[in-house]
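# Topology and contacts: notes
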Amino acid sequence: MRIKLGLGLDGMKPKRIQSTLGEKEVGPIGFLTILETQCGIAAVADSTTTRIIQYLACLQEMDTPDRFYHQSFAVDQFNVARTLLQWRDSWYEAGWSGQLEGEVSLRLKDMADIEQSAKEVVGNGLGERLQNVLSALDNQKTQIEQVFLLDSLASFSPLWQQILKHFTVTTEVDLKPSAKQGSDLSLLQNSLQQLSTQSLAKGDDGSVNKIKLAGDNSFVVIKARSKAVSARLISQWLAKESESLHDKTVALLASQSGGEIDEALEAVDLPRLGFESLSPWRPVLQVLPITLDLLWAPLNPEILLQFLMHPVGPLVARIRKPLAKIVAQSPGIGGEKWQDKLDELLENEKLREYFTEKDFKQLNADIKYWFDSERYDPNEGLPIEVAKQRCIKVANWLAQQQAKIQDDSMRSLFGAAHSQASELNTALSNLLEGGTTNIKPEQLRYLLDQLTGSGTGIVDKYSECLADQPKWLVGTQQADSFNQAVDSVIWWDLQAQGSDSGYAWSSKEVQQLAKQGVLLPELDKQLQHQALSWLKPINAATESLVLVLHDSDEAHHPLWDQINSCVENWHEISAEDSVLTKEPIISLN
C-alpha cells in the first residue's frame, strides 16, 4: 500500500475522482486510523463530552484550596475541565509521557499530579493514540510500502515525524506558481511567492513596489453585499460555462457557509458539491432539551408551548396541537379549559379504529409522565437519576420512530438524535459514578451543547454528479487541500477565520516542558505554515483565479491584505451589478 499524506486531506479534496489500486490519499487523522487498524489497536470509543466528565472527576478528586485551578473550578467546573483537558491533550500530542520530574512551576506540578489519576480514567485523545501507534510500530510491520508527503516533513509535529521514520518517505515538491507567464495570475502568484520569502523589490521608504496588472481576466475579484447574491452569480455563471468545461477542472473553495453555494448550484441544475451545512436546530435534536426543561420548577409556559407545538415529539401531535391552543390562551397545566380539552381528546381517541384498551392506558401513562412528573428547584438541581430516566425515555421513543421510517435520510436524522440522548445518559452515568447526585440547569445545558456541537447536516443533500458528464466542478473547504494544479480556482467568501492566540504557558514553563520531552510546536513556525497553506489554491490555478469577498464579513482574510500590498489594477466586479446586467464574469473555456 502507498500513502499520500497531506495536512489538509482529511476532508474534501479538490480533484476529479480517480480509480487507484493500493494507494490512499489521506490526512493525519485518516493515516492514523489506517495505522491503528494495521497495528491491531482498538478504535477510540469515548466521546469528547465523556472525556471531559472523566477528567472533571479527576479534578474533583485532586482539588484543594492550593491548586491553581481551585477558584475557577468552584465557579464553572465543566469549562475548567474542558480547558485543562485541552492542555493535557496538547501535551500528549507533543510527546508527554504523563509525568514531570525535577523543578517545574506550580501549575505544571498540579497538572502532573492530576495525571496520575487521569491516565487510568480518561479515554485516549489524539496524542495518546499517536503514542500507542509509535510504540506498536517498534515491534510490528504494516502493509504500507511508501509514504509520499505532500507537505514538508518539518510541518508535521515531532510525534508524527517519529512515526514517519518507520516508513520509506518521499517528499513531493510543493505547488509552485503554474499560470502562463506574463498573465495577471502569474504575476500575482510570483509576487505572493516573493512576498512570503521577503524578496520583493522595495522603494526607498521601505514599502513594497506594487506590480501593476493588465486586467486580463486571469485574476478577478468579485465584491458582493451578501452571500446569497454572490452564490447566485457564481452558480449562474458556471451553468452558462458548463458545456465547454467537460475537459477542464474548476475547483470551488468555500471555507465557511458552503451550504449556500450548494443550494445555488442545485437551483441552476448543477450538481451539489457536498459542502457541510451543520445546524444544532434540527427539530428532532431539540426534543431532548425541551423535555428536560419541562422538569424545572416552576413550569415555564414558553417551554410547555414549545413541547406542544414542536414538529416532532414523544406525544402524538393530535394530542399536543389542540392543547397548545389552550396553553396559548391560558398558560399552564391543569386548569378547567386544559382538563376539558384533554377529556375531549381522550374520548376521541377511544373512537379511533384499532385503538385498544392497552393503547388507551399507554396514552394516559404518557400524558401523566410528560405533564405531571415532579419538577425540581433549579437552585438545588435535578436528580441525575431522574435526568437519566428522561434520556432513556426519549431514546426509546426515537428508536421506535427510527424503526418505522422508510426514508434513509430521516432515519439518519433520528439516529443522530438517538445518539444524542444515549450519550447524555452515558455522561450523566459518569457524573453519578464520580459522586455527583444533582445537576443544575447551566450544567445540563453545557452537556447538551457539547453533545449537539455544531449539529447535524442536511441529511438528504449529498455530493452529486451528472450522468454522462465528467465531474469538472470539484469542491473543498480547506485551502491546504490543494496539492495539484487545476484549470480554475474560485475562492468563495474570502473572510478571516479564527486562530489560536498563543499558549497559556509562560516562556519559562514552555522551556520546562521541553526539558521533559514535551516539544510544543513553535508558534512562529505554525503561522508560517498557515501562511504558505493560503498560497496553495492561488498557485494551483493555471488559467484563472476568482476571489469573492463580502461586505457583510467582519474582517477579510489576511491573504487579501497581502494581495493589496503587492499588486494593483486587477479586474474587479460588483456582484449586484453583474446580476442585474446578466453579463458573464469571465470565459473559462
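For the structure itself, consult the block above.
Residues numbered from 1 in each chain as written. Predicted model: local features only at pLDDT ≥ 70, side-chain atom pairs only at ≥ 80, totals over all residues. Heavy atoms only, no water.

This next bit is on the environment of L35. You can see L35 is positioned in helix α1 (residues 28-39). Judged by its relative accessible area of 0%, L35 is buried. Excluding anything up to four places from it in sequence, L35 contacts V133, I144, W160, I163 and F167. (Helix = DSSP H or I, 4+ residues; strand = E, 2+ residues; numbered from the N terminus. Buried < 20%, exposed > 50% of the residue type's maximum accessible area, 1.4 Å probe, protein only. Contact = heavy atoms within 4.5 Å.)

Because an α-helix packs 3.6 residues into every turn, residues spaced three or four apart end up facing the same way. The terminal C-alpha atoms of α1, which comprises 12 residues, lie 16 Å apart, in line with the 16 Å expected from a rise of 1.5 Å per residue. Three or more residues of α1 are buried, namely P28, F31, L32, I34, L35, E36 and C39. Of the residues one or two after α1, G40 is the one with positive phi, at around 70°. (Expected span 1.5 Å × (residues − 1).)

Taken N-terminus to C-terminus, the directions of helix α16 (residues 384-404) and helix α17 (residues 408-433) make an angle of 160°; their axes are 9 Å apart at the nearest point. With respect to their mutual orientation, α16 and α17 come out roughly antiparallel. When the axes of α16 and α17 are compared, the crossing they make is left-handed. Tallied by class, residues from the contact of α16 with α17 come to 17 nonpolar, seven polar and three charged. (Axes fitted to C-alpha atoms, helices over the stretch in contact; angles between N-to-C directions. Parallel < 35°, antiparallel > 145°, perpendicular 65-115°, else oblique. Left-handed = near helix turned anticlockwise from the far one by under 90°. Nonpolar A, V, L, I, M, F, W, Y, C, P; charged D, E, K, R; others polar.)

This part takes up the nonpolar core. If you look at the biggest cluster of nonpolar residues, it comprises 85 residues, and the most contacted ones within it are W91 and L428. Residues contacting L428, with those up to four places away along its chain left out, are I384, A387, K388, C391, I439, L444 and L447. One finds F219, V221, L253 and A541 within the second-largest nonpolar core, a separate group that totals 31 residues. (Core = buried A, V, L, I, M, F, W, Y, C linked by side-chain atoms within 4.5 Å.)

Counted under the stated rule, the structure contains 18 aromatic pairs. Considering the side-chain rings of F68 and Y69, the 5.7 Å spacing of their centres and the 85° angle between planes classify their relative orientation as edge-to-face. A ring pair is formed by F307 and W370, whose centres lie 5.9 Å apart and whose planes are at 35°; its orientation type is tilted. In this pair, F307 is assigned in helix α12 (residues 301-309) and W370 in helix α15 (residues 357-372), connecting sequence segments 63 residues apart. Residue classification places F307 among the buried positions, given a relative accessible area of 3%. One aromatic cluster in this structure is built from F68, Y69, F73, W87, W91, Y92, W96 and W505. The ring centre of Y369 lies 5.0 Å from the NZ or CZ of K393, which sits over that ring. (Phe/Tyr/Trp six-rings, centres within 6.5 Å; stacked < 30°, edge-to-face > 60°. Lys NZ or Arg CZ within 6 Å of the ring centre and 35° of its normal.)

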